[in-house]
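Residue-level structure breakdown
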Amino acid sequence: MPVIRSEVIEGPLDPALWWLQVQDPSCGATVLMTGQVRDHHQGNRVVRLEYEAYRSMAEEVMEEVLTETARRWPEVRVAAGHALGSMEVGEVSVVAAASAAHRSEAFGACRHIIDGLKERLPVWKKEFGPDGERWQEEVPLRPAEERRDEESG
Amino acid sequence: MPLLTVHCYAALREAAGARVELELPAGSTAGELKRAVAEQLPDHAALVERSAVAVNRRLVGPTETVGPEDEIALLPPVSGG
């Protein structure tokens, strides 16, 4: 079922566009998750972030996460986007949108998309601020087989 | 020995450059590739160790074989979102 939009583009993102694109007369509930640049990280002040991607792989992975979500919630309309480049505090770097007849499917699908992107997307951010600059490392990437073993085990 | 090109990202790219080239015997594995890169970049061996190998834009385990015809990338822990 419908994957409406999947994009890794120069940022920042306008979340209203993503909300609009998953609308449909059959859908009474939309869940929109946005991630925006925060002014601190682990005790350091942050004034901007620079995002870098392994772009061709990131585009494939995002499409894969959305397709999996659409397979699991066939009645839900889904979309996602991730921004690259330099972004300031408050600007939107990631969007996940899910629209469904009822709210519980929309919440489930949206959560699944954003969790999948955080765990699997080959994207990195470097923080800049008065306390210096550093690459953030959050999640080690793992092959699909390893992730599936863990989920079933 | 075949010459392999490894694409590097984020902290690894800043440390080693966008591409690292190395010679590896035919039939080498992703695990052996990581060890060879770590030896070539001793100051960044720990970063290489916690990075994942992607072959043709797919993450692979340490026993997967890699060759000069593959698109190989070494990916530090991610921080998207």
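How each quantity is defined
- Residue numbering note: each chain is counted from 1, following its sequence as written.
- Lettering for chains starts from A, numbering for ligands starts from 1, and both go in the order in which the items are written.
- Local features are withheld for residues below a pLDDT of 70 in this predicted model, meaning they are given only at 70 or higher, and side-chain atom pairs are given and counted only at 80 or more; totals for whole chains, interfaces and linings count all residues.
- Segments assigned H or I by DSSP are reported as helices when at least four residues long, segments assigned E as strands when at least two residues long, and all are numbered from the N terminus.
- Here the radius of gyration uses the C-alpha set of atoms, whereas the globule reference equals 2.2 Å times the residue count to the power 0.38.
- Working definition of burial: number of other C-beta atoms within 10 Å of the residue's own, with buried at 20 or more, exposed at 12 or fewer, and partly exposed in between, all C-beta atoms being placed from the backbone.
- It is the C-beta atoms, placed from the backbone, that decide contacts: two residues are in contact if theirs lie within 7 Å.
- A pair of strands counts as paired when DSSP detects no fewer than two bridges linking them.
- Between N-to-C directions, angles span 0 to 180 degrees; the directions come from axes that are lines fitted to C-alpha atoms, helices contributing only their stretch in contact.
- Every helix has an expected span of 1.5 Å times one less than the residues it contains.
- Connectivity within a nonpolar core runs through C-beta atoms within 7 Å, and the core itself is a set of buried Ala, Val, Leu, Ile, Met, Phe, Trp, Tyr and Cys residues.
- Every angle not falling under 35 degrees, over 145, or within 65 to 115 is termed oblique; those three ranges are roughly parallel, roughly antiparallel and roughly perpendicular.
- By convention, the crossing between two helices is left-handed when the near helix turns anticlockwise from the far helix through less than a right angle, and right-handed when the turn is clockwise.
- Gly falls in the polar group here, along with every residue not listed as nonpolar (Ala, Val, Leu, Ile, Met, Phe, Trp, Tyr, Cys, Pro) or charged (Asp, Glu, Lys, Arg).

Section: the overall build of chain B
- Assigned secondary structure in chain B consists of three helices and five strands.
- Going from the N terminus to the C terminus, chain B shows its helices and strands as β-α-β-α-α-β-β-β.
- Taking 12 Å as the expected radius of gyration for a compact globule of 81 residues, we find that chain B reaches 12 Å, a close match to that expectation.
- Viewed in the frame of its principal axes, chain B has a C-alpha envelope of about 35 × 25 × 20 Å.
- When the 81 residues of chain B are sorted by exposure, 37% land in the buried category.
- A separation of at least 24 residues holds for 51% of the contacts in chain B among residues at least 6 apart in sequence.

Description of the sheet that holds strand E5 (residues 72-75) of chain B
Residue and element names in this part refer to chain B.
- In space, the five strands of this open sheet follow the order E2-E1-E5-E3-E4, with mixed pairing throughout. Taken across any chain shown, the strands that pair with only one partner, and hence form the sheet edges, are strand E2 (19-23) and strand E4 (58-60). Strand-to-strand twist in this sheet, taken as the mean axis angle between neighbours without regard to direction, amounts to 35°.
- Sheet topology note: the strand E1 (residues 3-8)/E5 ladder contains three bridges and is parallel. For Val6, the partnering residue across the bridge sits in E5 and is Ile72.
- Here helix H2 (residues 30-40) sits on the sheet in contact with E1, E2, strand E3 (52-55), E4 and E5, set at roughly 110° to E2.

Topic: the environment of B:Ala36
All names here are of chain B.
- Here Ala36 lies in helix H2.
- Look at Ala36 and you get partly exposed, because 18 C-beta atoms sit within 10 Å.
- With residues up to four places along the chain from it excluded, the contact list for Ala36 reads Leu22 and Leu24.

What about helix H2 (residues 55-72) of chain A?
- Taking 1.5 Å per residue as the helical rise, H2(A) with its 18 residues ought to reach 26 Å, and the 26 Å between its terminal C-alpha atoms agrees with that figure.
- Turning to H2(A), its buried residues are A:Met57, A:Ala58, A:Val61, A:Met62, A:Val65, A:Leu66, A:Thr69 and A:Ala70.
- Close packing links the buried residues of H2(A) with strand E1 (3-10), strand E5 (48-53), strand E6 (77-88), helix H3 (103-120) and strand E8 (123-129) of chain A together with E3 of chain B.

Structural notes on the nonpolar core
- Core analysis: the largest hydrophobic core is formed by 68 residues, its most contacted members being A:Val78, A:Ala98, A:Cys110 and A:Ile113.
- When residues no more than four places from it in sequence are discounted, the contact partners of A:Cys110 are A:Val31, A:Met33, A:Ala96, A:Ala97 and A:Ala98.

Remarks on unusual backbone geometry
- Each neighbour pair has its own omega, and for A:Gly11 with A:Pro12 the value is -5°, a cis peptide bond.
- The phi torsion at A:Gln42 lies on the positive side, around 45°, for a residue other than glycine.
- On the basis of neighbour count, A:Gln42 is assigned to the exposed category, with 9 C-beta atoms found within 10 Å.
- A positive phi angle is found at B:Arg57, which is not glycine, with a value near 65°.
- The topology assignment puts B:Arg57 in the loop between E3 and E4.

Quick look at the packing of H2(A) against H3(A)
Residue and element names in this part refer to chain A.
- For the pair H2 and H3, interaxial distance at closest approach is 10 Å and the crossing angle is 150°. Considered as vectors, H2 and H3 are oriented roughly antiparallel to each other. As for how H2 packs across H3, the hand of that crossing is right-handed. Contact residues: H2 offers Val61, Met62, Val65, Leu66, Thr69 and Arg72, while H3 offers Ala109, His112, Ile113, Gly116, Leu117 and Arg120.

Things to note about the interface of chain A and chain B
- The interface is formed by 28 residues belonging to chain A together with 18 residues belonging to chain B.
- Contributing elements (two or more residues each) for the side of chain A that touches chain B: H2, strand E7 (92-100), H3, E8 and helix H4 (144-152) of chain A.
- Of the residues that constitute the side of chain A that touches chain B, the class distribution is 14 nonpolar, five polar and nine charged.

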